[in-house]
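If you want the building blocks of each chain, they are given just below.
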Amino acid sequence: MSFPWRKLLIFPSSSGRRKSRSAKTLLPALLVLFAIALWISPVLRYTVLSVLDYPFHFKEYKHFGIRIPGDYQIHGIDVSRYQSRIDWERVKKMRVGDMRIDFAFIKATEGTWIEDPWFDHNWENARKQGVIRGAYHYFLPNVSPRAQANRFAQTVRLRSGDLPPVVDVEETRGMDKTQVRKYTRDFLSLLEKQFNVKPIIYTNRDFYKNHFANQPEFKPYRFWIAHYHVAKLNMPDDSKWHFWQHSDRGTVNGINEPVDFNVFYGDSAALRRMCVP
């Protein structure tokens, strides 16, 4: 009786070879889909980069890369997803002469549906490194102020020592001047009720001139004004500015993209007094 060797030998079938070829074809396709997802999804990029932290990834600069307005003691930046991942320890440690980054405004939300994908990282780590932080909302005048205020309040938790919340209003979205003022005022009132502190208004000088200048209902608010590449900021009316965004081309250690630079009209004690008690 012969031993059935053939039954013990395993020969790859044609279906097994087809499965092997299918697997080899599927892997590149999955990698391509993953790369596309990384490209179009800031949230996915944030998740991946949160796992992969490269100390050597960040650029180092000898200077801030711009002309800094004189006669101001307190300097800061504002950031959003456009700056991508930020190493706040490097931001805090950078010095050029006696100048450093004292505060940072961080984008939190926009409209009723957008949360900046880097907000949580920036919000937590700026405070951890001792940078005075503030959160801002990009306001859309043609969208419900209440719904936008709710979105911001769901995202931002202010603590003692934080700057007041900021409303960034710089486009009309088809609204006339009266509507822009009304909806902005409604949004400000909702934020003030939510956080028990009067918000700051950010806008550019031209928008301020056309919508907020000489308007009594906006006199009680502090203004953060964008006006680039000039030696001095002159307001269109007799109001006083509190923050001046003077450049959008600054360079800071720990940030690979250009960043907006600001000065505060006052000293460190005045900045602290403005913060949430």
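Above this text is the structure in question.
Now for a quick tour of the structure. Since the model is a prediction, treat every value here as computed from it, not as a measurement.

**Some words on helix α6 (residues 145-155)**
Within the sequence span of α6, burial applies to Pro-145, Gln-148, Ala-149, Arg-151, Phe-152, Ala-153 and Thr-155. Close packing links the buried residues of α6 with β2 (103-110), β3 (114-115), α5 (119-128), β4 (132-138) and α7 (177-195).

**Overview of the layout of surface pockets**
In this model, the largest pocket occupies a volume close to 450 Å³. Every element with two or more residues in the lining of the largest pocket is listed here: β1 (74-79), β2, β3, β4, β7 (222-226), β8 (243-250) and β9 (259-264). Considering only residue class, the lining of the largest pocket consists of 13 nonpolar, three polar and 11 charged.

**Concerning the packing of aromatic side chains**
Under the criterion given, the structure shown has 21 aromatic pairs. Centroid distance Phe-119 to Trp-123: 5.3 Å. Interplanar angle 25 degrees. Geometry classified as stacked. Taken as a pair, Phe-119 and Trp-123 lie in helix α5 at a separation of four residues, close to a single helical turn. Among the residues examined, Trp-123 registers a relative accessible area of 9% and is labelled buried. A centroid spacing of 6.1 Å and a plane angle of 50 degrees characterise the contact between Phe-207 and Phe-212, whose relative ring orientation is tilted. Cluster of aromatic residues (ring-pair linked, three or more members): Phe-103, Phe-105, Tyr-136, Tyr-202, Trp-224, Phe-243 and Phe-264. For the cation-ring pair, Arg-133 lies above Trp-123, with the distance from its terminal atom to the ring centre recorded as 3.9 Å. Of note, Lys-198 hangs over the ring of Tyr-221, and the distance from its end group to the ring centre comes to 4.7 Å.

**Examining the environment of Phe-187**
Take Phe-187: it is sitting in helix α7. Take Phe-187: its relative accessible area is 0%, and that puts it in the buried class. Taking C-alpha positions, Phe-187 is 6.6 Å from Arg-146, a pair spaced 41 residues apart along the chain. In this structure Phe-187 touches His-137, Phe-139, Pro-145, Gln-148, Ala-149 and Val-167, once residues within four positions along its chain are discounted.

**Brief notes about the pairing of β4**
In terms of burial, β4 is a largely internal element, seven of the seven residues being buried. Of the two faces of β4, the one carrying Ile-132, Gly-134, Tyr-136 and Tyr-138 and the one carrying Arg-133, Ala-135 and His-137 are both buried. Here seven bridges tie β2 to β4, and the two strands are oriented parallel to one another. Within the sheet, the bridge partner assigned to Phe-105 lies in β4 and is Gly-134.

**Digging into a nonpolar patch on the surface**
A contiguous nonpolar patch, built from Leu-26, Leu-30, Val-32, Leu-33, Ile-36, Trp-39 and Ile-40 and spanning about 800 Å² of accessible area, is present on the exposed surface. Following the sequence through the fold, Leu-26 ends up in helix α2 (residues 14-40).

**As for the nonpolar core**
Soluble globular proteins: nonpolar side chains tend toward being buried together. Ile-77, Trp-88, Ile-201 and Val-252 are the most contacted members of the largest nonpolar core, which totals 49 residues. Not counting chain neighbours up to four residues away, the residues in contact with Val-252 comprise Tyr-61, Phe-64, Ile-77, Val-91, Met-94, Ile-101, Val-259 and Phe-261. Within the second largest apolar cluster, 17 residues are counted, among which are Ile-132, Trp-224, Ala-226 and Leu-271.

**Thoughts on unusual backbone geometry**
One non-glycine residue with positive phi stands out, namely Arg-173, at about 50 degrees. With respect to the helices and strands, the residue Arg-173 is situated in the loop between β5 (166-168) and α7. Classification of Arg-173 as partly exposed rests on a relative accessible area of 36%. One non-glycine residue, His-229, lies in the positive phi region at around 55 degrees.

**A look at the environment of Tyr-202**
Looking at the element boundaries, Tyr-202 is found in strand β6 (residues 200-204). When its relative accessible area of 8% is taken as the criterion, Tyr-202 is described as buried. For the pair formed by Tyr-202 and His-137, sequence separation is 65 residues and the distance between their alpha carbons is 9.6 Å. Ignoring any residue separated from it by four or fewer positions in sequence, one finds Tyr-202 in contact with Val-166, Val-167, Asp-168, Val-169, Glu-170, Trp-224, Ala-226, Tyr-228 and Gln-245.

Analysis parameters
- The numbers attached to residues start from 1 for each chain and follow its sequence in the written order.
- A pLDDT threshold of at least 70 governs which residues receive local features in this predicted model, and a stricter bar of 80 or more applies before side-chain atom pairs are shown or counted, although totals over entire chains, interfaces and linings include all residues.
- Hydrogens and water molecules were not included; the side-chain quantities draw on all heavy atoms of the structure.
- Each residue's exposure class comes from its accessible area (1.4 Å probe, protein chains only) as a fraction of the maximum for that residue type: buried when under 20%, exposed when over 50%, partly exposed otherwise.
- Secondary structure elements are taken from DSSP: a helix is a run of H or I of four residues or more, a strand is a run of E of two residues or more, and numbering for both begins at the N terminus.
- In what follows, residue pairs with any heavy atoms lying within 4.5 Å of each other are defined as contacts.
- In this analysis the probe radius is 1.4 Å and the grid spacing 1 Å, with only protein atoms considered; a cavity is a set of points the probe fits into but cannot get out of, a pocket is an open set with protein on both sides within 12 Å along at least five of seven lines, and lining residues have an atom within 4 Å of a point.
- Grid points are joined across faces, edges and corners, and a volume is the space filled by probe spheres set on the points.
- Basically, the charged four are Asp, Glu, Lys and Arg, the nonpolar ten are Ala, Val, Leu, Ile, Met, Phe, Trp, Tyr, Cys and Pro, and anything else, Gly included, counts as polar.
- Planes of paired rings set the category: under 30 degrees apart is stacked, over 60 is edge-to-face and the rest tilted, where pairs are Phe, Tyr or Trp rings (Trp by its six-membered ring) whose centres lie within 6.5 Å.
- Only when the NZ atom of a Lys or the CZ atom of an Arg is both within 6 Å of the ring centre and within 35 degrees of the ring normal do we say a charge sits over the ring.
- In this scheme, strands are said to pair when DSSP sees at least two bridges between them.
- Patch membership requires more than 30% relative accessible area and the absence of a salt bridge. Residues of like charge join within 9 Å; the nonpolar side chains Val, Leu, Ile, Met, Phe, Trp and Tyr join within 5 Å.
- Areas reported here follow the Shrake-Rupley algorithm with a probe of radius 1.4 Å; residue values treat only the protein chains shown as occluding.
- By convention in these notes, a salt bridge is any Lys or Arg side-chain nitrogen within 4 Å of a carboxyl oxygen on Asp or Glu.
- Think of a nonpolar core as a cluster: buried Ala, Val, Leu, Ile, Met, Phe, Trp, Tyr and Cys residues, connected wherever their side-chain atoms sit within 4.5 Å.

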